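Below are the chains, spelled out letter by letter.
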Amino acid sequence: MSFENPTRDEIKKILENAGNIAVVGLSDKTDRTSYMVAQAMQSRGYRIIPVNPAAQGKQILGETCYGSLKDIPEPVDIVNVFRRSEFCADVAREAADINAHVLWLQLGIVNDEAAAIAEQNGMRAIMDRCIKVEEAVTQPDRSGK
């Protein structure tokens, strides 16, 4: 059976129920796509938790950056991944270890092994979709502005 992303309605429900979004590969450089997408999600009312071993302990978007998912001291709803596809299976295993609900591989990132790991561990997998675009299409403004 081939992989299929959730429907737009399912994505809407995923985002409605999401609070904490761990962003794996979040750069501290403001011109990077990961930074711009995370900043947009944060401005829409989501809690962003940066994950980047090169920036561990630093502040990105006003939040402490962690070296790995296992270092995050609170529950994570969505693991949003900005890493090359060959690293995604390992990220999926870490996401399973912390009981995340969703493994979201950003636009251009596809890894069938990561999706299988996610689904075997009770997570929804989403691949090759931009969380910022999906959120803008499916959600009312959560920021309270």
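What counts, and where the lines are drawn
- Sequence order sets the numbering: in each chain, residues are counted from 1 along the sequence as written.
- Local features in this predicted model are restricted to residues of pLDDT 70 or higher, and side-chain atom pairs are both shown and tallied only at a pLDDT of 80 or more, whereas totals for entire chains, interfaces and linings draw on every residue.
- For side-chain calculations, the full set of non-hydrogen atoms in the structure is used, while hydrogens and water are omitted.
- Residues are called lining when one of their atoms sits within 4 Å of a cavity or pocket point, these points coming from a 1 Å grid over the protein atoms alone, where a cavity is a set in which a 1.4 Å probe fits but cannot get out and a pocket is an open set with protein on both sides within 12 Å along at least five of seven lines.
- Grid points are joined across faces, edges and corners, and a volume is the space filled by probe spheres set on the points.
- Only DSSP runs of H or I with at least four residues qualify as helices, and only runs of E with at least two residues qualify as strands; both kinds are numbered from the N terminus onward.
- In this classification, Asp, Glu, Lys and Arg are treated as charged, Ala, Val, Leu, Ile, Met, Phe, Trp, Tyr, Cys and Pro as nonpolar, and every other residue, Gly included, as polar.
- For every element, the axis is a line fit to its C-alpha atoms; helices are fit only across the contacting stretch, and the angle between N-to-C directions ranges from 0 to 180 degrees.
- In these notes the angle categories are as follows: under 35 degrees is roughly parallel, over 145 is roughly antiparallel, 65 to 115 is roughly perpendicular, and the rest is oblique.
- Here a residue-residue contact requires only that any non-hydrogen atoms of the pair lie within 4.5 Å.
- Aromatic rings from Phe, Tyr and Trp, with only the six-membered ring used for Trp, were paired whenever their centres fell within 6.5 Å, and each pair was classed as stacked if the ring planes differed by under 30 degrees, edge-to-face if by over 60, and tilted otherwise.
- Definition used: whenever NZ (Lys) or CZ (Arg) falls within 6 Å of the ring centre and also within 35 degrees of the ring normal, the charge is taken to sit over that ring.
- UniProt positions are given in the numbering used here, feature names are shortened, and annotations may be inferred rather than shown by experiment.
- Note on exposure labels: buried denotes an accessible area under 20% of the residue type's maximum, exposed denotes more than 50%, and partly exposed covers the range between, all computed with a 1.4 Å probe on protein chains only.

S.K.: How should the layout of surface pockets be read in this particular structure?
M.R.: To locate leftover empty space, one rolls a probe as large as a water molecule over the atoms. In this structure, the largest pocket encloses a volume near 190 Å³. Lining of the largest pocket is provided by 13 residues; of these, Val 24, Pro 53, Arg 83, Val 91 and Glu 94 occupy positions nearest its centre. When residues in the lining of the largest pocket are grouped by element, the largest group, three residues, is from helix α3 (residues 88-97). Partitioned by chemical class, the residues of the lining of the largest pocket number six nonpolar, four polar and three charged.

S.K.: Honestly, the packing of α3 against helix α4 (residues 112-120) in this entry has me stumped. Any pointers?
M.R.: A pair of packed helices can be characterised by two numbers: the angle between their axes and the separation between those axes. Packing of α3 against α4 leaves a shortest axis separation of 8 Å and a crossing angle of 10°. Relative to α4, α3 is oriented roughly parallel. For the pair α3 and α4, the contacting residues are Cys 88, Ala 89, Ala 92 and Arg 93 in the first and Glu 113, Ala 114 and Ile 117 in the second. Its residues placed into classes, the contact of α3 with α4 shows five nonpolar, no polar and two charged.

S.K.: Mind showing me how you'd approach the packing of aromatic side chains here?
M.R.: Describing an aromatic ring pair means giving the distance of the ring centres and the angle of the ring planes. Tallied over the full model, the rule gives zero aromatic pairs. Over the face of the ring belonging to Phe 87 we find Arg 83, whose NZ or CZ atom lies 4.2 Å from the ring centre.

S.K.: Got a minute to help me understand the UniProt feature "domain: CoA-binding" (unreviewed entry) in the protein chain in this structure?
M.R.: The positions that UniProt labels "domain: CoA-binding" (unreviewed entry) are, in the present scheme, residues 15-109. The span residues 15-109 carries 24% helix and 23% strand; its end-to-end C-alpha distance comes to 19 Å.

S.K.: Quick question: what am I supposed to make of unusual backbone geometry here?
M.R.: The phi torsion of most residues other than glycine is negative, and most of the peptide bonds are trans. With phi around 55°, Leu 61 is a residue other than glycine that occupies positive phi space. By the secondary structure assignment, Leu 61 is in the loop between β3 (59-60) and β4 (63-64). Residue classification places Leu 61 among the buried residues on the basis of a relative accessible area of 15%.

S.K.: Looking at this model, I keep getting lost on the side chain of Ser 68. Mind explaining?
M.R.: With respect to the secondary-structure elements, Ser 68 resides in the loop between β4 and β5 (78-81). In this structure Ser 68 touches Val 51 and Glu 94, once residues within four positions along its chain are discounted.

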